[in-house]
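In case you want the letters, here they are:
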Amino acid sequence: MTALPDSALDQLFREARTFNHYRDEPVTQADVEAIWELMKFGPTSANQLPARMVWCLTPESRDTLAAAASDSNAGKIRSAPAAVVIGMDVEFHQHLPELYPHADAKSWFEGNLPLREASAMRNSSLQGGYLILAARALGFDVGPMSGFDAGAVDKAFFADQPSVRANFIATLGHGDRDSLHPRSPRPPFSKFNRIV
């Protein structure tokens, strides 16, 4: 593999920002399917792929999500062209015979809900990060957020899937760069890293 050019690194990291305001441009089903087709290749432990996404592409679905969000996040969700709930399936191990066929990985998790919960949280969070990078790679901007009632989100979007729980949520679209505030500090390597 070779290093990506600076322009790609800028788009994915250095110039990318978290957006709360978007231009009036739609996000389509084809767009979110293209994001999935990239993000699904990001590594998860034993190819667990525990994330379960619900893409809110209609005003009605975004209203439902906004109703479960904090006051400061509700407006961001309603005004965005799209939002997504990144859920985590604590029964992900049921799919491991298909997703990780070269070992009996399902048996590693059977009868151990705490291990499944920890693994689902860790690996669905990774997948949420891949979602952000895939969206940026395809020219979209993302506004990931906490600040919501997880139980209300689960009831609204995962009532038919009791093993799935909300991890975090995000808005999606083409960001309005004029709305950005100055970037918060990013420290040098020496502040939070050490080599042993």
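The preceding data block contains the structure.
Reference entry: report on the structure contained in this document. Keep in mind that what you see is a predicted model, and the values were worked out from it rather than measured. (Residues numbered from 1 in each chain as written. Predicted model: local features only at pLDDT ≥ 70, side-chain atom pairs only at ≥ 80, totals over all residues. Heavy atoms only, no water.)

**Quick look at the pattern of salt bridges**
Scanning the entire structure with this criterion turns up 9 salt bridges. For the salt bridge of D89 with R52, the shortest nitrogen-to-oxygen distance reads 3.3 Å. Of this pair, D89 sits in strand β2 (residues 82-89) while R52 is found in strand β1 (residues 51-56), placing the two residues 37 residues apart along the sequence. Like R52, D89 is buried. Where R78 meets D63, a salt bridge forms, and the shortest distance between an N and an O atom there is 3.2 Å. Pair noted here: R78 is in helix α4 (residues 71-79) and D63 is in helix α3 (residues 59-67), with a separation of 15 residues, a long-range link. A residue is classified by how much of its surface remains accessible, and R78, at 44% relative accessible area, is partly exposed. What emerges from the salt-bridge pattern is a single network uniting D6, D10 and R14. (Salt bridge = Lys/Arg side-chain N within 4 Å of Asp/Glu carboxyl O. Helix = DSSP H or I, 4+ residues; strand = E, 2+ residues; numbered from the N terminus. Buried < 20%, exposed > 50% of the residue type's maximum accessible area, 1.4 Å probe, protein only.)

**With respect to the packing of helix α1 (residues 6-14) against helix α7 (residues 113-137)**
Between α1 and α7, the least distance of the axes is 9 Å, while the angle of their chain directions is 135°. As summarised for this structure, α1 and α7 are arranged oblique, according to the angle between their axes. The handedness of the crossing between α1 and α7 comes out as right-handed. Facing α1, whose interface residues are Q11, L12 and F13, α7 presents L133, R136 and A137. Residue classes in the contact of α1 with α7 are distributed as 4 nonpolar, 1 polar and 1 charged. (Axes fitted to C-alpha atoms, helices over the stretch in contact; angles between N-to-C directions. Parallel < 35°, antiparallel > 145°, perpendicular 65-115°, else oblique. Left-handed = near helix turned anticlockwise from the far one by under 90°. Contact = heavy atoms within 4.5 Å. Nonpolar A, V, L, I, M, F, W, Y, C, P; charged D, E, K, R; others polar.)

**Points about the environment of Y100**
Considering the arrangement of structural elements, one finds Y100 in the loop between α5 (96-99) and α6 (106-109). Spatially, the C-alpha atom of Y100 lies 21 Å from that of P114, the residues being 14 residues apart in sequence. Not counting residues up to four positions away in its chain, the partners in contact with Y100 are A46, N47, A105 and W108.

**Some remarks on the environment of N20**
Among the secondary structure elements, N20 is positioned in the loop between α1 and α2 (29-39). Note on N20: relative accessible area 27%, which makes it partly exposed. Excluding residues that lie within four positions of it along the chain, N20 makes contacts with K76 and S79.

**Points about unusual backbone geometry**
Its identity as a non-glycine residue notwithstanding, N47 has a phi of 50°, on the positive side. Mapped onto the fold, N47 is located in the loop between α2 and β1. For N47, a relative accessible area of 28% translates into the label partly exposed. Positive phi, close to 45°, is recorded for L49, a residue that is not glycine.

**Observations regarding the packing of α3 against helix α8 (residues 150-157)**
Contact pair α3 / α8: the axes reach a minimum separation of 9 Å and the direction vectors enclose 150°. Judged on the interaxial angle alone, α8 and α3 are roughly antiparallel. Here α3 contributes S61, T64 and L65 to the contact with α8, which in turn contributes V153, A156 and F157. When the residues that make up the contact of α3 with α8 are grouped by side-chain class, the tally is 4 nonpolar, 2 polar and no charged.

**A few points about the side chain of S124**
Secondary-structure assignment places S124 in helix α7. Every residue in contact with S124, bar those within four places of it in the chain, is listed here: P50, A51, I86, G87, M88 and N167.

Function cannot be inferred from these measures alone, as they are strictly geometric.
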